[in-house]
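Structural description and commentary
Each chain, letter by letter, is given below.
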Amino acid sequence: MDFNVSTFFLEIINFLILLWVLQRLFYKPLLEVIAKRKRFIDQTVTEADTTRQQAEALRDQYQNRQQQWEQEKQVALVSFNQQIEAERTLQLNKLVADLEDEKQKLQVSVSRQQEEFKMLAEKQALKNGARFAALLLQQTASDELEAKLTSLLIDKLSSLPDECSSSLNLLKTKKSIPIKISSAYPLPNELREQLELKLNALIDGSINFQYFQAEELIAGVRIDIGSWELNANLQHELSAFAELADEIV
Amino acid sequence: MENEFYVALGPLMISGSVITTWGIMLVIACLAWISTRHLERLPDSVQTTVETIVSAIDEAILAVAPQHGRQILPFIATLWLFLLIANLVGLIPGLHSPTRDLSVTCALAVLVFFSAHWFGIKNLGLKKYLRHYLSPSPILLPFHLISELSRTLALAIRLFGNIMSLEMAAMLILLVAGFLAPIPILMLHIIEALVQAYIFGMLALIYLAGAMQSQQPNS
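Report follows, based on the coordinates. All residue numbers refer to position in the chain's written sequence, counted from 1. Just so you know, chain letters begin at A and ligand numbers begin at 1, following the order they were written in. In keeping with the model being predicted, local features are shown solely for residues with a pLDDT of at least 70 and side-chain atom pairs are shown and tallied solely at 80 or more, while totals for entire chains, interfaces and linings include all residues. Side-chain figures throughout are based on the complete set of non-hydrogen atoms in the structure, without hydrogens or water.

Our focus in this paragraph is the overall build of chain A. Secondary structure elements are defined from DSSP: runs of H or I of at least 4 residues count as helices, runs of E of at least 2 residues count as strands, and each element is numbered from the N terminus. Scanning chain A from N- to C-terminus turns up five helices and four strands. Starting at the N terminus and ending at the C terminus, chain A contains elements arranged as α-α-α-β-α-β-β-β-α. Rg of the C-alpha trace for chain A: 66 Å, well past the compact-globule value of 18 Å for 249 residues, more than 25% over. Its C-alpha atoms give chain A principal-axis dimensions of about 210 × 45 × 25 Å. Each residue's exposure class comes from its accessible area (1.4 Å probe, protein chains only) as a fraction of the maximum for that residue type: buried when under 20%, exposed when over 50%, partly exposed otherwise. A burial count over chain A gives 26% of its 249 residues as buried. By definition, residues are in contact when any of their heavy atoms lie within 4.5 Å. Restricting to contacts in chain A with at least 6 residues of sequence separation, those with at least 24 account for 77%. A total accessible area of about 17300 Å² is found for chain A, and carbon and sulfur atoms account for 57% of it. Across chain A, the centroid of the 28 positively charged side chains sits 11 Å from that of the 37 negatively charged ones. As defined in this context, the radius of gyration uses C-alpha atoms, and a globule is described by 2.2 Å times the residue total to the power 0.38. Residue burial considers only the protein chains on display, and all accessible areas are found by Shrake-Rupley using a 1.4 Å probe. Charged residues are defined narrowly, with Lys and Arg counted positive, Asp and Glu counted negative, and His plus the chain ends left uncounted. To locate a charge, the coordinates of NZ of Lys, CZ of Arg, CG of Asp or CD of Glu are taken.

What follows covers the overall build of chain B. On a plain count of helices and strands, chain B comes out with seven helices and two strands. Starting at the N terminus and ending at the C terminus, chain B contains elements arranged as β-β-α-α-α-α-α-α-α. The principal-axis extent of the C-alpha atoms belonging to chain B is close to 60 × 50 × 40 Å. Taking all 219 residues of chain B together, 44% fall into the buried category. A separation threshold of at least 6 residues defines the contact pool for chain B, and within that pool the share at least 24 residues apart is 68%. When the accessible surface of chain B is summed, it comes to about 11300 Å², and 73% of that surface belongs to carbon and sulfur atoms. Side chains of chain B give 10 positive and 11 negative charges; the mean places of these two sets differ by 15 Å.

Taken together, the contact pairs 46 residues of chain B with 29 residues of chain A. Summing both partners gives a buried area of about 3500 Å² for chain B against chain A, and 75% of it is carried by carbon and sulfur. When two parts are brought into contact, each loses some accessible area as probed by a 1.4 Å sphere; the total of that loss over both is the buried area. Contact with chain A buries surface across chain B, with Arg41(B), Thr78(B) and Ser103(B) losing the most and accounting together for 17% of the total. Salt bridge criterion: a side-chain nitrogen from Lys or Arg within 4 Å of a carboxyl oxygen from Asp or Glu. At the boundary of chain B and chain A, one finds one salt bridge. In protein, a polar contact requires one atom able to donate a hydrogen and another able to accept it; more generally it is a pair of N or O atoms within 3.5 Å, and residues adjacent in sequence count only if both atoms are side-chain atoms. In this assembly, chain B and chain A are joined by eight residue pairs in polar contact (both at pLDDT 80 or more). Among the elements that make up the side of chain B that touches chain A, the one with the highest residue count is helix H1 (residues 16–35) of chain B (ten residues).

A contiguous patch of negative charge, built from Asp98(A), Glu100(A), Asp101(A) and Glu102(A), is present on the exposed surface. Within the secondary structure, Asp98(A) sits in helix H1 (residues 5–140). Exposure above 30% relative accessible area and the lack of any salt bridge qualify a residue for a patch; like charges then connect within 9 Å, and the nonpolar side chains Val, Leu, Ile, Met, Phe, Trp and Tyr within 5 Å.

Angles run from 0 to 180 degrees between N-to-C directions of axes, and those axes are lines fitted to C-alpha atoms, restricted for helices to the stretch in contact. At a minimum axis separation of 8 Å, H1(A) and helix H4 (residues 102–124) of chain B run at an interaxial angle of 55°. Judged on the interaxial angle alone, H4(B) and H1(A) are oblique. The crossing of H1(A) and H4(B) is right-handed. Two secondary-structure elements touch here, H1(A) through Thr7(A), Phe8(A), Glu11(A), Ile12(A), Phe15(A) and Leu16(A) and H4(B) through Ser103(B), Val104(B), Cys106(B), Ala107(B), Leu108(B), Val110(B) and Leu111(B). Polarity classes work like this: nonpolar for Ala, Val, Leu, Ile, Met, Phe, Trp, Tyr, Cys and Pro, charged for Asp, Glu, Lys and Arg, and polar for all others, with Gly in that last group. In terms of residue class, the contact of H1(A) with H4(B) is made up of ten nonpolar, two polar and one charged. Orientation is classified from the angle alone, with under 35 degrees giving roughly parallel, over 145 giving roughly antiparallel, 65 to 115 giving roughly perpendicular, and any other angle giving oblique. With the far helix as reference, a near helix turned anticlockwise by less than a right angle produces a left-handed crossing, and one turned clockwise produces a right-handed crossing.

Residues and elements named next belong to chain A. Each Phe, Tyr or Trp ring, with Trp reduced to its six-membered ring, pairs with another whose centre is within 6.5 Å; inter-plane angles below 30 degrees give stacked pairs, above 60 give edge-to-face pairs, and intermediate values give tilted ones. In total, this model carries eight aromatic pairs over all chains according to the counting rule given. Arranged with centres 5.1 Å apart and planes meeting at 80°, the rings of Phe8 and Phe9 form a pair that is edge-to-face. A relative accessible area of 47% places Phe9 in the partly exposed class. With centroids separated by 5.5 Å and ring planes inclined at 65°, the aromatic side chains of Phe26 and Tyr27 adopt a geometry described as edge-to-face. Each member of the pair, Phe26 together with Tyr27, is buried.

Have a look at this one:
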């Protein structure tokens, strides 16, 4: 229980020395290592947090991008469908127009064919009619019919148009004008005289009348004055009938 | 108990407690040096053990003085480590605990006394630190002074009395009953050594924290 001053002071010094030694050898390096590890852990945690935030940001970014892609895909799909619909409508309209054109062409072609067929039928009918009329007239032709036709011609000569009369007057020459008169049957003298009188009245100058018989005229006469030809016969009428059929074609 | 030996070194009388203290200091210093020779960021088992000890002490100090923990850690930790080993040294046959010597416990108590004032003045300044003796009323100044002295004396006497009585009881039982009889007392010595070291260190910590935070709000 005794108190020793030397021990007292030596213990104080001892403790202070121990404190200094432990501070140098123990606490300081140990606390530094702990602090260093704590810094490392904090840094690692911070880096992990940063990495996590970056990963989350990237994830959000990718999700946003994916949504954008989805929206763009939808928009592109709608646009594509619209384009397809527009193209389909265009092609359909074009097809309808082409079909309409083809239809019109076909209608025109059909109508033309029908027209041609009709014209051919008319032509054939006219030819048949002409042939039938020719056969019929050949069987009914006679000198009396020819006399009537000649009389009709004589009557017509007195009422020729002015242009024809003036043209005939231009034939005036010093030479005699040859006029060829062809008939299917021999013309009676009475009709010859009437014809010559009428022609002399129309043409001033000497006229050389020449008479021929041409059975192809069936009935009637044909007068050739230079380049002029006056027809009053059935063959000419029938040929005019056939020419009409050709004109139709 | 009066068989203390002294070595005269000039005017100094070196007691057995001082020599034991030197031995303890040597052991602690060697252990500290060995355990901190190769400190790595990834600790081995020894480093993990010492880090656990220091971390536990640090947490205990921070729980009492969160703002000044690192400042007083070396003093309190050294006090705890020294007292723990010094209290347990008595279990080794032929050795006595230095803390069974009143001179040693008084020295430690005086160190605590001055340390409290030192850290208080260092943190608060002299005027501000001395002002707390006048609060809440200057009338209480004598009581403050008596409290300072009595608690220091109590620190010294408590530790000295407990350790000395344990060793004396063990010696008496050994003398009366033989070799195996003091074993329960020795086990009690271990527990008591741990408890007394903890109490002394914790009281020192509270005194230091009180001195450092005496004028701070919410202290």
